[in-house]
Number of protein chains: 2
Amino acid sequence: MLAEERQQMILKILSDTRVVKLQELVQMLSASESTVRRDLQELEGRHLLRRIHGGASLLKKLNEEPDMESKTLRHVQQKKLVARFASEKVKDNDCIYLDAGTTTLEMIPFIKAKSVTVVTNGPSHAEHLVRNGILCYMLGGLMKGTTKAIVGNIALQNINLFRFDTAFIGANGIDALMGYTTPDPEEAALKRRAHELASTTYVLADSSKFAEISFCKMFDLGEATIITDELPERCQSLITDKANVYIADHPLNPMV
Amino acid sequence: MLAEERQQMILKILSDTRVVKLQELVQMLSASESTVRRDLQELEGRHLLRRIHGGASLLKKLNEEPDMESKTLRHVQQKKLVARFASEKVKDNDCIYLDAGTTTLEMIPFIKAKSVTVVTNGPSHAEHLVRNGILCYMLGGLMKGTTKAIVGNIALQNINLFRFDTAFIGANGIDALMGYTTPDPEEAALKRRAHELASTTYVLADSSKFAEISFCKMFDLGEATIITDELPERCQSLITDKANVYIADHPLNPMV
DNA sequence: ACCATTTCATTCAAAATCAATCATAAGTAC
DNA sequence: GTACTTATGATTGATTTTGAATGAAATGGT
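Residues numbered from 1 in each chain as written. Chains lettered and ligands numbered in written order. Predicted model: local features only at pLDDT ≥ 70, side-chain atom pairs only at ≥ 80, totals over all residues.

Chain A goes by DeoR/GlpR family DNA-binding transcription regulator in an unreviewed UniProt entry, where it is assigned to Sporolactobacillus kofuensis.

Below, the structure is given as C-alpha cells:
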C-alpha cells in the first residue's frame, strides 16, 4: 500500500471514529508499527490530526460534554465498545432516535444496517450521519452552550412528529431506586419523551455510571435495556433484578 | 502502444482509483518502468497528476472537504468583507435569522451586538454562535447531504414559530428580472419564508452572483437589500433601479 | 511511591523506488 | 544509404521508505 493511501485511510478512519489506537491502525493497514508511527508524525506535522499516547485523535472540533469524560484513552475505548455493540441493534429499515452525547456519536460509524432513518438532537451527530449516507432529521429548538445539544419546548414539540423503532439514550447515572438520571432538566425531558415514543429503548452508559445519581430523572430502570461495558459486582443483583443488561463483548477484530 | 494512448490511459486509471502504483501501471500498460516513469514526469509537468513515492495520485485531495464550494483566496476575502459589513446591521436585542451558507457563517465572529437571538438552519452556524455566547435556536427538519443545511416541511413549520427583526440570506443568483435565485427548491422555500417573517431582509452575495440565474426563485429583487463587495458596471442601473445595494467598504484594518 | 506493562523515539539494515545514464531500435530528412 | 532525432528499455548508484530492535518515557494498578 502506498504511503499516500495509508495516510488518507488514517484520516478517514479518524474522521469516523474520532480516536484510534495505534495498534488498531497497524492491523487495519497491515503496516508495521514504525510505519504507522511515522505516518502519524507526518500528519500531525501537517496539522491534520493530534497524536495522543497510544494513538491519535481528531484535532479538537465540536467538543463534547464534561471534560472529565473522554479524557483518557481507556474511557474512549470503553465508549467505543458500548457504541459498537449498540450499533448492532440497529436493523434494516429502522427508524431510530439517537440522543446527543459522545457514546451515541461513536455508534455512527458502526451502523451497518441499510435504509435507516435517524432523528437526533445532536448537530454533530447529524453531520456525521449524513456524511455516512444515513438519512437524518434534526430536532429544532434551543442549542445548549455546554453540550451543543438541542433542547427545550420546541424540541419537545418536534419530537412528537416521530415514532421510533428504537431509541438510544445516554445517561449520567444509573441507580436501582432512582432509575436513569442526567444533569440537565431540559435534556431529561427530551430523553424521556424519546423513550415514550420508542418501541424499544436502550440506555448507553459505561461502568462508571452505576450507583451514580444525577439531578434529573429520565425514567425507571425497568423501562429500558442497559448497554454497558461492565457491570460492577456490587450493583449486579440490584440492577439485573429490574432491568435487562447487555455487556458489550471485547471485540475479536479491532475494526473492518 | 503510442505515448499519447498510454498517458490518456494513465489518467483514466487514476481518475478511477485516485492513486496507483507504478508497478501496477507497468503491468497494465505493458510498458517498461522507465517509460511509465517518464510518462508520469511529463503528466506531472502538465499538472495533470501528482507523483508520489511508488506511484501517482490525483491532484485534488478527495478526502473530506466537498462541503461547500472551494473558493479562491480572493473569494474568501470578498466573502469576509461582505460578512463583516452585514454583521454591523445586527443591533442590540435583535432577533435575526441566519441562513445556512458560507457567507453568513463568516458573519458570526464579527457580530458585536449584545443580547442577540439567532435562528438558523445551519448546524455549524449554531455551534459557532453558542461558542461566541450568542443565544441560538436551530430549525428542525431534514439534513441535506450536500450542504448540511436543514430543510423540508418540518423546517418550514418550525420557522413559523418565529418573527425576525432582520433576516440574512445567501443567494446564488441575482438578476433584475428573475430576482434572487438558488439551486435547491427546498432551500428556496425556507429562504422565502424567512424573508416573509422578517421586518428587514438582507441578501448577501459576492459580485460573481450578479446576472446569474439559478434554478429556484426566492423572491423579487425589490423585496430585500443587497450586500455585496462590488456591483459590476453592466448591471448597475438595472439592479439599483429595483433594489437597495450596499457595497462593503474595504476595511482600514485588515482584521481583528 | 513502586513495579509491570505499554508506548514512544531513535537507530540501523534491508528493501523498494528513484533519477540518471547508456544502448538499442525505429522513424525521418537529406 | 547515412546522419539525425526520438522513443524505449535496461543498468547503475543514490535516495527514500520500511520493519525490527533497542532503551527511554509514560501509563495503570497496587
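Okay, back to it.
### Quick notes on the overall build of chain A
Counting its secondary structure elements, chain A contains nine helices and 15 strands. For chain A, the residues scored as buried account for 45% of the 256 residues in total. Nonlocal contacts in chain A, meaning residues at least 24 apart in sequence, comprise 57% of its contacts between residues at least 6 apart. (Helix = DSSP H or I, 4+ residues; strand = E, 2+ residues; numbered from the N terminus. Buried ≥ 20, exposed ≤ 12 C-beta atoms within 10 Å, placed from the backbone. Contact = placed C-beta atoms within 7 Å.)

### Side note on the interface of chain A and chain B
The interface of chain A with chain B comprises 27 residues on the first partner and 27 residues on the second. Of all elements in the fold, only helix 1 (3-17), helix 6 (123-131), strand 6 (135-138), strand 7 (141-143) and helix 7 (153-159) of chain A reach the threshold of two or more residues within the side of chain A that touches chain B. The element contributing the most residues to the side of chain A that touches chain B is helix 1 of chain A, with seven residues. Partitioning the side of chain A that touches chain B into residue classes produces 16 nonpolar, six polar and five charged. When strand 7 of chain A meets strand 6 (residues 135-138) of chain B, the two strands line up antiparallel, connected through two bridges. (Nonpolar A, V, L, I, M, F, W, Y, C, P; charged D, E, K, R; others polar. Pairing = 2+ DSSP bridges.)

### Quick look at the sheet that holds strand 2 (residues 50-52) of chain A
Residues and elements named next belong to chain A. Across the sheet, which stays open at both edges, the three strands sit in the order 1-3-2 with antiparallel pairing between neighbours. Only two strands of the sheet have a single neighbouring strand rather than two, namely strand 1 (19-21) and strand 2. When the angles between neighbouring strand axes are averaged without regard to direction, this sheet yields 25°. Each of strand 1 and strand 3 (55-57) touches helix 2 (residues 22-29); the most contacted strand, strand 1, lies at about 75° to it. (Axes fitted to C-alpha atoms, helices over the stretch in contact; angles between N-to-C directions.)

### Here's the deal with the protein's contact with DNA strand C
The local shell around DNA strand C holds 13 residues, among which L22(A), H53(A), G54(A), L22(B) and G54(B) are the closest. When residues of the surface near DNA strand C are traced back to their parent elements, those giving at least two are helix 2 and helix 3 (33-45) of chain A together with helix 2 (22-29) and helix 3 (33-45) of chain B. Tallied by class, residues from the surface near DNA strand C come to two nonpolar, nine polar and two charged. (Near = placed C-beta within 6 Å.)

### Observations concerning the environment of T240(B)
Tracing the backbone shows T240(B) in helix 9 (residues 236-242). Counting along the chain gives 18 residues from T240(B) to G222(B), while the straight-line C-alpha distance between them is 9.3 Å.

### Comments concerning unusual backbone geometry
Residue and element names in this part refer to chain A. Within the chain, N93 stands out as a residue other than glycine whose phi angle is a positive 65°. Summarising the element assignment, N93 is placed in the loop between helix 4 (73-87) and strand 4 (95-98). On the basis of neighbour count, N93 is assigned to the exposed category, with 10 C-beta atoms found within 10 Å.

### A closer look at the protein's contact with DNA strand D
Near DNA strand D lie 14 residues; those nearest to it are S32(A), S34(A), T35(A), S32(B) and T35(B). Among the elements of the structure, helix 3 of chain A together with helix 3 of chain B are those that each provide at least two residues to the surface near DNA strand D. Tallied by class, residues from the surface near DNA strand D come to four nonpolar, nine polar and one charged.

### Re the packing of helix 6 of chain A against helix 6 (residues 123-131) of chain B
Two elements in contact, helix 6 of chain A and helix 6 of chain B, have axes whose closest approach is 9 Å; the angle formed by their N-to-C orientations is 150°. It follows that helix 6 of chain A is roughly antiparallel to helix 6 of chain B by the angle criterion. The interaxial crossing formed by helix 6 of chain A with helix 6 of chain B has left-handed handedness. In contact with P123(A), A126(A) and E127(A) of helix 6 of chain A, helix 6 of chain B contributes P123(B), A126(B) and E127(B). (Parallel < 35°, antiparallel > 145°, perpendicular 65-115°, else oblique. Left-handed = near helix turned anticlockwise from the far one by under 90°.)

### Quick notes on helix 3 of chain B
Residues and elements named next belong to chain B. With 13 residues, helix 3 extends 18 Å from end C-alpha to end C-alpha; this agrees with the ideal 18 Å at 1.5 Å per step. Within helix 3 the residues assigned to the buried category are V36, D39 and L40. Down the axis, helix 3 shows its buried residues gathered within 100° of arc, on one side only. Summarising the geometry of helix 3, the exposed residues directed more than 90 degrees from the buried face are S34, Q41, E42 and G45. At its buried positions, helix 3 is contacted by helix 1 (3-17), helix 2, strand 2 (50-52) and strand 3 (55-57). Of the residues one or two after helix 3, H47 is the one with positive phi, at around 60°. (Expected span 1.5 Å × (residues − 1). Arc of directions from axis to C-beta.)

### Details of the sheet that holds strand 13 (residues 216-219) of chain B
Residue and element names in this part refer to chain B. Across the sheet, three strands lie side by side as 10-11-13; this open sheet has antiparallel pairing. Taken across any chain shown, the strands that pair with only one partner, and hence form the sheet edges, are strand 10 (173-175) and strand 13. The average angle at which neighbouring strand axes cross in this sheet is 35°, direction not considered. The sheet contacts of helix 8 (residues 185-196) involve strand 11 (179-182) and strand 13, and relative to strand 13 the element is tilted by about 5°.

### Topic: the nonpolar core
Where a protein is soluble and globular, its nonpolar side chains tend to be buried together. Counting residues in hydrophobic clusters, the biggest one holds 110 residues, and the most contacted among them are F168(A) and F168(B). Sequence-distant contacts of F168(B), defined by excluding residues within four places in its chain, comprise A86(B), I96(B), Y97(B), L98(B), D99(B), T104(B), M107(B), Y202(B) and L204(B). Judged by nonpolar contacts, the second largest core, of eleven residues, contains I10(A), V19(A), L25(A) and V76(A). (Core = buried A, V, L, I, M, F, W, Y, C linked by C-beta atoms within 7 Å.)

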